[in-house]
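Here is what each chain is made of, one letter per residue.
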Amino acid sequence: MTPKPPTPPPKPPTPPPPPKVPTPKPETTTLVPPTPTPVPPTPPPPPKTPTPAPRTPTPPPKIPTPPVSYAAMMPTEPETLVSPSRSKFTLESLPIVENVPSWEVPVSMKVKGRDRWSGKVTFWLASLSASASLANIWKFPYLVNKYGGFPFLVPYALALFLIGMPLLTLELTIGQMFQGGAVEAFGNLDPRLRGVGLATVIGGFIIALYNVVVLGWTGLYFINSFDGSNALPWENGKTDDFFDNYILKNSTIADSTMVVSGRVLLAAFVSWLIIFICVFRSLRSIGAVVKVCFPLPFFVLIGLTVRGVFLDGAVDGFKEYLIQWNATVLHESTDIWSDATSQVLYTLSVCVGVMTSYASFNPRSQNIALDKNVIGLFDLIVSLLGGAVVYLVLGHKSNSCTMDSLTSCEEVFQSYGTQLIFKVYADALSTIAVSTLWSALFYGSIFLLTLGTVFSLIEGFCTVIRDSWVASSLELGRSTIACYVCMAGFLLGIPFTFDCGSSWLEILDHYIRTWVLFYLGLLQCVAVGWIYKMDRQMRRVGKASVYTYNIGCFLAVLVPSIVALVLTSNGHTTFKSCIIAFGLAAAILIGSLVSAYILMDKDRVRKTKRNSFWTLIGWHGADNLRKMINSTPTNRWAPNSFNSEFDAFLSLSGYLSSLDSV
């Protein structure tokens, strides 16, 4: 039993384990200070990590640098080019290039190195030189008198504001947006539309060919006004002989012997030489010439009007011009509407590539609405002023007629074209005191107006060549292109210097006015309203739906027009034919709309989450151009807001700022 007590002694060694536990704790605590000492060597690696951090922020500053290139900013996916939602649209939400909102412009666009007008007034003068032409003087007064005086201004004003100025706005917009001539601008709308731009400049070049001959005639009359005597060489009833024999060696096409008039050929050559001098340096030379080609004739016409007011019989001429009223012609004659429209298109110089070319030299910040209003208003003023100049003098001429020549007196107011300017009006000028001075002023102003129109057409043609691959691949400069174009124009215009050249000129001018400009204007409207952005419609509602609606719209115009023409030809009244035609058009349009809605690709409509009806019937290309036009003159423009749209339509907020920057 005694051995049991020694068992407790082993218990005392048990306490050492507890002290062992506290001992490691202080050791660990003592070990912690040495650990921070090795930690300081570790900080050197961390500074390596911040070095890449400044490298990563360096790319962000590189992002703002590309906006210098307008194309680099634009997304490549067309679907992402849609501007912000209409309810939240603000100008500040758009990307900015040169303080201008960037609309849907192709990435391939080249802007750098393009010439610019020296100022806004220079652009206005160039555009007015192109639009105000001989047609304002020799065609407009005749049409006014032909259709009963003042009533002709009704269809003319409607055609000007509903057809001419919208087409002018279209050409100014695409030229300014895409910074290229007619071919380049329409090609940027859609590559398949380059032919539309090419057709316009070719039509303009043809107009230039025969207008150069008229320019030569005018120059000859201007020179012969200074023959060293106090009388004009065509006085005493010699106007017909002077123009037909001395100038033209005139004959009909059937009796022509293909004899070239040496005077007209030489005058045409000198005219082409002057045109080359005007365009050989592009905007530099044109900018200087237009400061004379429009202002000087404009003030000369004002002076001639003031002089004509004090002539005997001027009141009778003004009555024949505007005072007479025969409103029945508005519904009895259908030609009045077509003649008014063709006159507007011709005098505004639309559908010939000029305005698109001139607008391409503007910055994108240019106020298009203001430009359009200035050009259209002054073109109307020149037409009214030119008509007053002509008819005041013709009234004086008719007043001096005797009773024996009453028939010829009545025919005075019925002349037009070459007969009006180079025969009747020339004879009337010979009856005024100091006739040589007034003749020189009149034909000098006509020469400058015609010169401005012709070199504008040639510049539009040269711009297309400069923007094409031909000029870049052959390394053709401005002067070289202008030289080749003027040489080709002179050679191609030689047939108009033949003895029957005036007959060919009138035939060609008639068909270009009556048909060519109409079709070119229609093609431009179809290009912008129906083809531009059509791919967006197809992505959202499907091809079948878009094609059905578009074809239906064209049939709704074509079929009723044919039906109305057939009905009127068979003796039906115009009113009844129009009612039937409008009813047929409405039926075709509604049927195509319902069919297109049924054929919509519902999956696409569901994915895009947009208004399918507006996607189908909307003119998205025209709407895109409208956004650019309206956002330029107004600082806080928002689409589909009444106040904003009305302000942009009148360009109220942009007028003062635009005039201040002239």
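Located above this text is the structure these notes cover.
Here the structure is a predicted model, which means the values were calculated and not measured.

**As for the overall build of the protein**
Next up, step 1: When its secondary structure is counted, the protein shows 35 helices and 2 strands.
Next up, step 2: When the 662 residues of the protein are sorted by exposure, 49% land in the buried category.
Next up, step 3: Residue pairs at least 24 apart in sequence account for 81% of intrachain contacts in the protein once pairs closer than 6 positions are excluded.

**Examining helix H15 (residues 283-293)**
Next up, step 1: Residues Leu 283, Ser 285, Ile 286, Gly 287, Val 290 and Cys 293 constitute the buried set of H15.
Next up, step 2: Among the structural elements, helix H7 (120-131), helix H14 (262-279), helix H16 (295-309), helix H20 (354-359) and helix H24 (435-467) are those in contact with the buried residues of H15.

**A closer look at the pattern of salt bridges**
Close approach of charged atoms allows side chains of opposite charge to pair.
Next up, step 1: Here the structure, examined in full by the defined rule, presents 10 salt bridges.
Next up, step 2: Lys 146 is the partner of Asp 339 in a salt bridge, and the nearest nitrogen-oxygen pair spans 3.9 Å. With Asp 339 in helix H19 (residues 335-348) and Lys 146 in helix H9 (residues 140-146), the pair connects residues that are 193 residues apart, well separated along the chain.
Next up, step 3: One salt bridge connects Asp 535 with Arg 539, and the closest N-O pair in it is separated by 3.8 Å. Of this pair, Asp 535 and Arg 539 both sit in helix H28 (residues 534-541), 4 residues apart, roughly one helical turn.
Next up, step 4: Bridged by salt links that share partners, the residues Asp 623, Arg 626 and Lys 627 form one connected network.

**Remarks on unusual backbone geometry**
Next up, step 1: One non-glycine residue, Glu 475, lies in the positive phi region at around 55 degrees.
Next up, step 2: Residue placement: Glu 475 occurs in the loop between helix H25 (469-474) and helix H26 (478-492).
Next up, step 3: Glu 475 gets classed as exposed once you look at its relative accessible area, which sits at 71%.
Next up, step 4: A positive phi angle is found at Lys 533, which is not glycine, with a value near 75 degrees.
Next up, step 5: Examined against the element boundaries, Lys 533 turns out to sit in the loop between helix H27 (501-531) and H28.
Next up, step 6: According to the relative accessible area criterion, Lys 533 is buried, its value standing at 12%.

**Details of the packing of aromatic side chains**
Next up, step 1: Summed over all chains, the structure comprises 36 aromatic pairs.
Next up, step 2: Plain terms: the ring middles of Phe 269 and Phe 490 are 5.5 Å apart, the flat faces sit at 75 degrees to each other, and that makes the pair edge-to-face. One end of the pair, Phe 269, is in helix H14; the other, Phe 490, is in helix H26, and 221 residues separate them in sequence.
Next up, step 3: A relative accessible area of 44% means that Phe 269 is categorised as partly exposed.

**Some points on the nonpolar core**
Next up, step 1: Judged by nonpolar contacts, the single largest core of 129 residues is most densely connected at Trp 217, Phe 442, Phe 455 and Ile 458.
Next up, step 2: Counting 14 residues, the second largest nonpolar core, distinct from the first, contains Phe 178, Phe 186, Leu 189 and Leu 625.

Rules of the game
Residues numbered from 1 in each chain as written. Predicted model: local features only at pLDDT ≥ 70, side-chain atom pairs only at ≥ 80, totals over all residues. Heavy atoms only, no water. Helix = DSSP H or I, 4+ residues; strand = E, 2+ residues; numbered from the N terminus. Buried < 20%, exposed > 50% of the residue type's maximum accessible area, 1.4 Å probe, protein only. Contact = heavy atoms within 4.5 Å. Salt bridge = Lys/Arg side-chain N within 4 Å of Asp/Glu carboxyl O. Phe/Tyr/Trp six-rings, centres within 6.5 Å; stacked < 30°, edge-to-face > 60°. Core = buried A, V, L, I, M, F, W, Y, C linked by side-chain atoms within 4.5 Å.

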